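# Structure assessment
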Amino acid sequence: MKTDIPINNAAARHQGGTNVGYSAHELLARTGEDLGNYQTHIARLFANEASRIHATKVLDFGGGTGDLASRFQRLSGVVPKILEIDPLLRQSCEGRGFKTHASLDSVGEGLDMIYSSNVLEHIEDDAGAVRLLREKLRVGGVLVVYLPAFQRLWGPLDERVGHFRRYDRRSLRALLEKSGFSVQSCHYADSVGFAIASLYNLLPARDGEPSSRALRIYDRFVFPPSAALDKLTRNLFGKNVVATATRFE
């Protein structure tokens, strides 16, 4: 069965010559540079789950620049494989020393764990993608996803980077269960980020892309207390939604 998964990323959409001033590659690079606390927090979520199930065979689905995989490796001691379809981003992952695949066909099966940060929203047939990921896991293997939450937060940046949707707890749980997973947990993250994103989208004439300075201020002074507050708001709201699910057969 062919398991290529087409990810609709901004780089692919803009290769025809329009909107050449915007680059998804640059945005991903800025994430690693400007949002260190945010990236480490996500990597720690994944690393904690890998430790819990004693995972050794792990796939980073949609690895981007490889920044998250590097943080995951430092925190977990496990070197993940990476799936990244974009040639330039794949080169970046390989430059960091990771075995990087261009297609899910070449990844192999029997994985203990697959993790993915902000990728499924780029895939039109997300249910098909999740089913294919399930087939790569061993029975009892775990999928952990970190995704943008709440359609009400949809803004210009979602359109610019090629998102098809944002999720909530109900829709994400339904997606995973219909795709053959048993959901262990599904909760929101970045409660303060939810409020900021709501206000930001109300401002006139915004392109949705914050400056590096704004991102660094957010990462240093806003995200840490937001992550702490999430313990109280995780079932109510957040800028992102996180789910952990197990292949049960």
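Residues numbered from 1 in each chain as written. Predicted model: local features only at pLDDT ≥ 70, side-chain atom pairs only at ≥ 80, totals over all residues. Heavy atoms only, no water.

With that settled, the discussion passes to the overall build of the chain. Looking only at helices and strands, the chain features ten helices and seven strands. Counting across all 249 residues of the chain, residues that qualify as buried make up 53%. Of the accessible surface of the chain, which amounts to about 11700 Å², a share of 53% is contributed by carbon and sulfur atoms. (Helix = DSSP H or I, 4+ residues; strand = E, 2+ residues; numbered from the N terminus. Buried < 20%, exposed > 50% of the residue type's maximum accessible area, 1.4 Å probe, protein only. Areas by Shrake-Rupley, 256 points an atom, 1.4 Å probe, with all protein chains shown as cover.)

Turning to the pattern of salt bridges, a few remarks are in order. Counted under the stated rule, the structure contains nine salt bridges. The salt bridge involving Glu49 is made with Arg52; its shortest N-O contact spans 2.6 Å. Taken together, the positions of Glu49 and Arg52, both in helix α3 (residues 36–52) and three residues apart, correspond to about one turn of that helix. The class for Glu49 is buried, based on a relative accessible area of 11%. (Salt bridge = Lys/Arg side-chain N within 4 Å of Asp/Glu carboxyl O.)

For helix α9 (residues 191–200), the set of buried residues is Ser191, Gly193, Phe194, Ala197 and Tyr200. For α9, the side-chain oxygen to backbone nitrogen distance between the N-cap and Gly193 is 2.9 Å, and the N-cap itself is Asp190. (Polar contact = N/O pair within 3.5 Å; in protein donor to acceptor, adjacent residues only side chain to side chain.)

On to the nonpolar core, then. If you look at the biggest cluster of nonpolar residues, it comprises 34 residues, and the most contacted ones within it are Phe61, Ile114, Leu120, Leu143, Leu172, Leu176 and Val241. If you list the elements that add at least two residues to this core, you get β1 (58–61), β4 (111–117), α6 (126–136), β5 (137–148), α8 (169–178), β6 (181–189), α9 and β7 (240–247). Among all residues touching Leu172, those that are not within four sequence positions of it are Val145, Leu147, Tyr167, Cys186, Val241 and Ala243. (Core = buried A, V, L, I, M, F, W, Y, C linked by side-chain atoms within 4.5 Å. Contact = heavy atoms within 4.5 Å.)

Aromatic rings considered in pairs are described by the distance between their centres and by the relative angle of their planes. Under the defined criterion, the tally for this structure stands at eight aromatic pairs. Ring centres of Tyr38 and Tyr146 lie 6.1 Å apart, and the angle between their planes is 80°; this geometry places the pair in the edge-to-face category. Residue Tyr38 is located in helix α3, and its partner Tyr146 is located in strand β5; the two are separated by 108 residues in the primary sequence. Note on accessibility: Tyr38 and Tyr146 belong to one class, buried. (Phe/Tyr/Trp six-rings, centres within 6.5 Å; stacked < 30°, edge-to-face > 60°.)

Here Gly63 shows up in the loop between β1 and α4 (67–76). With 56 residues separating them along the chain, Gly63 and Val119 place their C-alpha atoms 9.0 Å apart. When neighbours within four sequence positions are excluded, Gly63 is seen to be in contact with Ile82, Leu83, Glu84 and Cys93.

This part takes up the environment of Pro148. Looking at the secondary structure, you find Pro148 in strand β5. For Pro148, a relative accessible area of 5% translates into the label buried. Expressed as a C-alpha distance, the spacing of Pro148 and Asn118, which sit 30 residues apart in the sequence, is 6.6 Å. Other than its neighbours up to four places away in sequence, Pro148 contacts Asn118, Glu121, His163, Arg166, Tyr167, Lys239, Asn240 and Val241.

Here we come to the environment of Gly97. You can see Gly97 is positioned in the loop between α5 (87–95) and β3 (100–101). Once the C-alpha coordinates of Gly97 and Ser70 are considered, the two residues, 27 residues apart in sequence, prove to be 9.3 Å apart.

Before going further, it helps to spend a moment on the packing of α3 against α4. Here α3 crosses α4 at 50°, and the two axes come no closer than 8 Å. One finds that α3 runs oblique with respect to α4. Crossing of α3 against α4: the hand is right-handed. Across the interface between the two elements, Gly36, Gln39, Thr40, Ile42, Ala43, Arg44, Phe46, Ala47 and Ala50 from α3 touch Asp67, Leu68, Arg71, Phe72, Leu75 and Ser76 from α4. Here the residues of the contact of α3 with α4 sort into eight nonpolar, four polar and three charged. (Axes fitted to C-alpha atoms, helices over the stretch in contact; angles between N-to-C directions. Parallel < 35°, antiparallel > 145°, perpendicular 65-115°, else oblique. Left-handed = near helix turned anticlockwise from the far one by under 90°. Nonpolar A, V, L, I, M, F, W, Y, C, P; charged D, E, K, R; others polar.)

To continue, consider the sheet that holds β3. Backbone-to-backbone hydrogen bonds pair the strands of a sheet. The strands run either parallel or antiparallel. One open sheet accounts for seven strands, arranged β3-β2-β1-β4-β5-β7-β6; its pairing is mixed. The open sheet is flanked by β3 and β6, the only strands paired with a single partner. Bridge analysis of β1 against β4 gives three bridges, and the strand direction is parallel. Residue Asp60 lies in a different strand from β4, and its bridge partner there is Tyr115. Contacts from α3 reach β4, β5 and β7, with the element oriented near 165° to β5. (Pairing = 2+ DSSP bridges.)

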